[in-house]
Amino acid sequence: MFSKHHDTFIDLSLDLHEPQDWKPGVLRTLDYASKVTALAYEPIAGLLAVGTSGSIELLGKPGVACKITLPDLHEVKLLHISPSTFKLLCLDDHDELHIWDLSAYGHPKLLVTTRFDQSKTLYLASSITISPSHSHAFIALQTGEIQTYDLECLRKSSYYMPNMWTLYEEKMAASGMPEIATATSGIAIDTLIHPRNLNLLFVVYGGGVVLSDLSERTTLRTYELVYPPGAPGGTGYRASDILVHRRPEATCMAIHPSGHLFAVGYADGSIAFWAIEDEDQPLLVRTLNDLDVQNIDAEKLEAHLAHKDKPPISFEKEPIFKLSWCSFSNSSDPRGGETALIILGGLSPEDSPGITVHWFPAFNPTDPPATPSTAPLHPHIRSSMRSSVDALDTYFYNIHGTVHDYLLIPRGSPHFAGSFDAISILIVRESVARTRIVEAYEFPPPSLVHHQDAHHESPDIDAEEERDTLDDLAKTLIDLQMDNEPRRLLLPGYLGNGTSGLLGGVIQTVTKDAYSSLVQTDASRHALCLKAGLAWSDPVEHISKYQPPRITVVWYADLSVQVWDVSAQLLHKFKPDPVDCDFPNPLPNFTIDTNVVLMAPSVAPKLPTQNHTIQYVKLAPESLECAVVLSSGIIIIYRPVPPPGTLPSFEELPDPELVSLKHISPGADSKFTPYFALLPTRGQVSACAIADVGFLAVAYPDGSLFVIDMRGPTIILRHSIKAKSRHSIGIHMSTEDAIICLEWTISPVDKDERLALRLIAGHESGTFHVFTFERSVDLSWSPTNEVVKFDGPVHPLGVFVLNSKNGSRCPADRSRLASALSDSSNRSSVLLVFAGSKGARCNININGDRIGRVEWSHKMGKVLSVQIVQKLSSYALVAFTENHEACAYSLPNLDFMHNLGLPPITYLPISADETGDFFAWTRNPETGLIRQATYGTLFNFRRVETPPEIDFLSTKPVIPAQPQPVSMGPTSILGSWFNFGQSVTGAQIDALLGGVDRPVPKQQPRPPPPLNNDHSQIVKQVAATQNTLYDRLTSALNERGQMLGDLEDRFNSLESGSRSMVDQAKKLAAEQSAKSWFKF
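Values in this document were obtained by computation on a predicted structure and should not be read as measured data. (Residues numbered from 1 in each chain as written. Predicted model: local features only at pLDDT ≥ 70, side-chain atom pairs only at ≥ 80, totals over all residues. Heavy atoms only, no water.)

Draft legend 1. Local environment of the overall build of the protein. Within the protein one finds 14 helices and 61 strands. Looking at the protein as a whole, 52% of its 1080 residues are labelled buried. Across the protein, the fraction of contacts at a sequence separation of at least 24, relative to all contacts at a separation of at least 6, is 60%. As displayed, the protein has an accessible area near 50200 Å², and 53% of this comes from carbon and sulfur atoms. (Helix = DSSP H or I, 4+ residues; strand = E, 2+ residues; numbered from the N terminus. Buried < 20%, exposed > 50% of the residue type's maximum accessible area, 1.4 Å probe, protein only. Contact = heavy atoms within 4.5 Å. Areas by Shrake-Rupley, 256 points an atom, 1.4 Å probe, with all protein chains shown as cover.)

Draft legend 2. Looking closely at the pairing of strand S23 (residues 339–345). In terms of burial, S23 is largely enclosed, as seven of its seven residues are buried. One ladder, built from six bridges, connects strand S22 (residues 320–326) with S23; its direction is antiparallel. Looking at the pairing, Leu323 lines up with Ile343 of S23. As defined by bridge partners, S23 adjoins strand S24 (residues 354–360) across five bridges and the pair is classed as antiparallel. Of the residues in S24, the one forming a bridge with Leu341 is His358. (Pairing = 2+ DSSP bridges.)

Draft legend 3. Here's a closer look at the sheet that holds strand S48 (residues 767–775). Pairing is antiparallel across the open sheet formed by four strands, whose spatial order is S46-S47-S48-S49. Pairing within the sheet leaves two strands with one partner each, and these edge strands are strand S46 (739–749) and strand S49 (781–791). This sheet shows a mean twist of 25° between the axes of neighbouring strands, independent of strand direction. As defined by bridge partners, S46 adjoins strand S47 (residues 752–763) across nine bridges and the pair is classed as antiparallel. Its bridge partner being in S47, Ile739 is matched across the sheet by His763. Strand contacts of helix H11 (residues 814–821): S46, S47, S48 and S49, with the helix running at about 50° to S46, the strand carrying the most contacts. (Axes fitted to C-alpha atoms, helices over the stretch in contact; angles between N-to-C directions.)

Draft legend 4. Main features of the nonpolar core. In this structure, Ile635, Ile636, Cys688 and Leu696 are the most contacted members of the largest nonpolar core, which totals 57 residues. Here Ile635 is in contact with Ala627, Val628, Val629, Phe676, Ala677, Leu678, Val685, Cys688, Leu696 and Val698, once residues within four sequence places are set aside. If you look at the next biggest cluster of nonpolar residues, it comprises 25 residues, including Ala689, Ala691, Ile716 and Ile746. (Core = buried A, V, L, I, M, F, W, Y, C linked by side-chain atoms within 4.5 Å.)

Draft legend 5. Spotlight on the environment of Ile614. Its place among the elements puts Ile614 in strand S35 (residues 614–619). Along the backbone, Ile614 and Ala557 are 57 residues apart, and their C-alpha atoms lie at a distance of 7.2 Å. Those residues in contact with Ile614, other than ones at most four positions away along the chain, are Leu503, Trp555, Tyr556, Leu559, Ser560, Val561, Val628, Val629 and Leu630.

Draft legend 6. Expanded view of the pattern of salt bridges. Inspection of the entire model under this criterion finds 32 salt bridges. Notably, a salt bridge pairs Glu277 with Arg221, separated by 2.8 Å at the nearest N-O pair. On the criterion of sequence distance, the pair formed by Glu277 in the loop between strand S20 (271–275) and strand S21 (284–286) and Arg221 in strand S17 (residues 218–223) is long-range, its members being 56 residues apart. No difference in accessibility class separates Glu277 from Arg221, as the two residues are buried. Taken together, the salt bridges that share partners define one network made up of Arg550, Asp913, Asp917 and Arg943. (Salt bridge = Lys/Arg side-chain N within 4 Å of Asp/Glu carboxyl O.)

Draft legend 7. Focus on the confidence of the model for the protein. Summing up the model confidence of the protein, the mean pLDDT is 85 and the portion of residues at 70 or higher is 84%. Predicted confidence is poor over residues 971–981, with pLDDT under 50, and the contacts of this stretch with residues over four places away or in other chains come to 28 contacts. Contacts from residues 1068–1080, a stretch scored under 50 in pLDDT, to residues over four places away or in other chains number one contact. (pLDDT = per-residue confidence, 0-100.)

Draft legend 8. Structural detail: the sheet that holds strand S26 (residues 403–410). An order of S26-S27-S28-S29 is seen for the four strands of this open sheet, with the pairing classed as antiparallel. Where the open sheet ends on each side, the last strands, each with one partner, are S26 and strand S29 (488–489). The pairing of S26 with strand S27 (residues 422–430) spans seven bridges and is classified as antiparallel. Each bridged residue has a counterpart across the sheet, and for Leu408 the counterpart in S27 is Ile425. Across the sheet, helix H8 (residues 493–500) lies against strand S28 (436–442) and S29, angled at about 110° from S28, the strand it touches most.

Draft legend 9. Quick look at the side chain of Ser670. Counting through the fold element by element, Ser670 comes out in the loop between strand S38 (658–660) and strand S39 (672–678). Exposure remark for Ser670: the relative accessible area of 16% places this residue in the buried category. Within the structure, the side chain of Ser670 is placed 3.4 Å from the backbone oxygen of Thr591, a separation counted as a polar contact. From its side chain, Ser670 meets the backbone oxygen of Phe672 in a polar contact 3.0 Å long. With near-sequence residues (within four places) excluded, Ser670 lies in contact with Asn589, Thr591 and Val641. (Polar contact = N/O pair within 3.5 Å; in protein donor to acceptor, adjacent residues only side chain to side chain.)

Draft legend 10. Focus on the packing of aromatic side chains. Scanning the model with the defined rule gives 32 aromatic pairs in all. Note on Tyr32 and Trp564: the rings are 6.3 Å apart at their centroids and 45° apart in plane angle, and the pair reads as tilted. Residue Tyr32 is found in the loop between strand S1 (25–31) and strand S2 (38–42), and its partner Trp564 is found in strand S33 (residues 560–565); the two are separated by 532 residues along the sequence. There is no split in this pair, since Tyr32 and Trp564 are both buried. An angle of 55° between the planes, with centres 5.4 Å apart, marks the rings of Trp856 and Tyr889 as tilted. Highlighted residues: Trp856 in the loop between strand S53 (850–855) and strand S54 (863–871) and Tyr889 in strand S56 (residues 885–890), separated in sequence by 33 residues. Across the pair, exposure class does not vary: Trp856 and Tyr889 are buried alike. Through a chain of ring-to-ring contacts, three or more aromatic side chains come together here, namely Tyr32, Trp564, Phe583, Phe919, Trp921 and Tyr935. Across the ring face of Tyr675, the terminal group of Arg639 is positioned such that the distance to the ring centre comes to 4.0 Å. (Phe/Tyr/Trp six-rings, centres within 6.5 Å; stacked < 30°, edge-to-face > 60°. Lys NZ or Arg CZ within 6 Å of the ring centre and 35° of its normal.)

Draft legend 11. Quick peek at a nonpolar patch on the surface. The grouping of Leu243, Val244 and Leu305 at the surface amounts to a nonpolar patch, some 240 Å² of accessible area in total. Given a relative accessible area of 44%, Val244 falls into the partly exposed group. (Patch = residues over 30% accessible without salt bridge, like charges linked within 9 Å, V, L, I, M, F, W, Y side chains within 5 Å.)

Draft legend 12. Focus on helix H13 (residues 986–994). Residues of H13 that are buried include every one of Gly986, Ile989, Asp990, Leu993 and Gly994, and no others. Viewed along the axis of H13, the buried residues span an arc of 115°, placing them on a single side of the element. Residues of H13 that are buried sit in contact with strand S11 (136–141), strand S12 (146–150) and strand S13 (155–161). Two residues or fewer past H13, Gly995 is found with a positive phi of approximately 85°. (Arc of directions from axis to C-beta.)

Structure below.
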């Protein structure tokens, strides 16, 4: 029944009745990479490009992110960032080449879209190669031809290279050599520019490698790997064709930093190391585990032939997919010092997926003996090269999932194919539902770096014997404490959320004290270093500055939880100050990894044998205690890290359903530590609520309810209810009535006006129970015997307890608990607003008289979620529906006010906070992961809703000098190594490739940068501008006077010249008259 006095309650929605009081709007749309197809990095500016299906994301320093959409939404196949022209190149899977200008302010400008496949069927592009020293790109076509494109003039250049491998095979056939040609031997796979000589270009064909001279248009060397009969090669002695000549197909290539040798990967899983001067035989052919596989081992071959009954294999190892050869800046050796070879591929079927890194010694040969040699390469030099490719150590990046690609992140140099002084590595791997995600790791691995340090610092034997025993022990202890595993690096949100597999999240406001503890943490030092660009936001008039701090708690498929800072103040950075943080801003110190708990010896034996996923997360807004709810019914409680101290040992808790986790370390950087876990083995959790005053309530589908005092922790209530329902034939049957809604409050109830800690539990049937808890003399808490029962809407979606006078929430927080324990006489009635799938109700003092009721209209569709939102001092109930609408109702009477249209963004329940801000999650139907998040608000007044403008030109790269050729050894050997010409400049290469008709490139003017916010700097800029203006005017006047003076001199010279010409004409006429006269 409705209360007769419901009109005495004030209207809590006074400022929300008019349509103009509401203004739904989208503030940000956030995409997450779920299928990365290409990566590119520009190391000088620090700019990362990520290609997916139909779009490219450009990522720079915090706050700098830009999305580029392809014209035809095709999948990105190849990406490159040209440092010399500051342009972005993209080749899609339809072989269209798109080029954007990164210097355009606001957003990169699409300059041109072209294609090299004019017939759309034949000339498919295999690779694109660019150089930081010139502005031309080499495009390798599958026909074996190499074409060039001028990135500065945006046109196809006339320089063209035919299929040089086909010409080589024709030459060999004409000379009578036996052919080992295959259908794919003439396909051009890749091109590589010599790192120290721009005039030399390597072309990788299926049959082998061709080294060509660009200026002479000739082939200098051809490197073809042919196994003799009986050689194991990459497939081993059980190969079906081991007794015949075999030529494995080349797949990739990498060049040593010295420029004197290179490595070629092959389809049989082998790697051949070649000296540039010797095309006859490689220095070494190896697999990941075996050396010299090009040589015949008679014993192994005979053993294989003796067991012919074993079935031969046609293929065992995977191909070598990619190679990179790195050197590092800590070496003063001009040839590169110790190097690292990164290998993707070459693994056996039983190997776990990953990437192999071989650490090689330096190539630094000494003076050779004075012995004559007719070989293409001096034996002493060849031996030194061979020694430089014997691995000193090996590290394997063990990756969970098939690795598709990787990308090295150099410290700052774009030379050496982007592999010089790499500090991290990005790995593209396969994840759930065939998605492709990115992981970032430290590079080189610490174990290899420690090996390098030990190699350089190892003393001689005598010094080792004299070392003190205590020093030896100290060094051993340090080595034991040293973590040799490369650190996992944090990625920007676009990549990081896709990598972990975003499942969902909830937005909520927190107290100022809690927010301060969240954000006043040390920034993580283990993040991917990106530093490109600046982001600028235009000022918003009368910006709404008084916004509460907000966070979003998100959970992932890898069983991790993260906290985002989504406070409006993050966006309040306007010109002349650049944006300096991401939005949302992840708080890496508040990351939870539940795998640490699930794999702990004290927990793992008690877990059910099933896969775990995170169902949802509850975070107390004041105490920051966190409950992670797993799909298996397990709940893990985390709390903020206590003051430093020793970890306690494992202790058994008195309740069998509880397991203490205080002995588990929280991790070096985490601010959350495991506290305890609830393992009741009752199926999936149906409802959960956590209170700021240290209480947890958990319900299960069988109707059971657990209430835990987290100070113990101790279970203080075990409750089970079975409801009676009427069967269709009229028989009452007992069924389980699950609790699906829980809410903690400190408030009165009808006929009990004292403030007390209460738990409101709503059942699926619409039955509600209120449990009251009180503190005893020994400070322990227990439930009272009185359980209040009343009816409400079926399938409750939300329960809210409000102050009847001002509409503020009445949560179970510390201030209200203090009032309740002090028996404060300042008491006021409360309103219980609870909504379900069919409608909403409003009661006085929770179970008192009903003063408001509404039934949802059938036109609304299904109500997915509800929230009470606040604007200024007014409140309203908002129901979010499946029809992308938000229906607003007044409080406390629940009268319908407005129907607010929302963008059609999701079919999932919208998560909204008390201020009307919301997150809408869009799930990928194929993977079940979140692919897009929409951050919006119901009150879009004076909010920042436009993304910032990006200025990449502010960090435009300044290209360092092109590395020059270095001698192969001491100058007494052969002098300069390259007998076929010194290196040429980038301008000479541009002139050569562009042809005689190449137009002069136009320099784009640089837009003026935004002003600095410093007033002194503004004054200096104004003064400098005035001085510059005065100097320019003075200079212009001087130039004008000089020009007038020059003009006067020219007129005088012209007058003098005219007079001289008249005199010469008169003289010439007199001479002609004399000649005619004397008949000459």
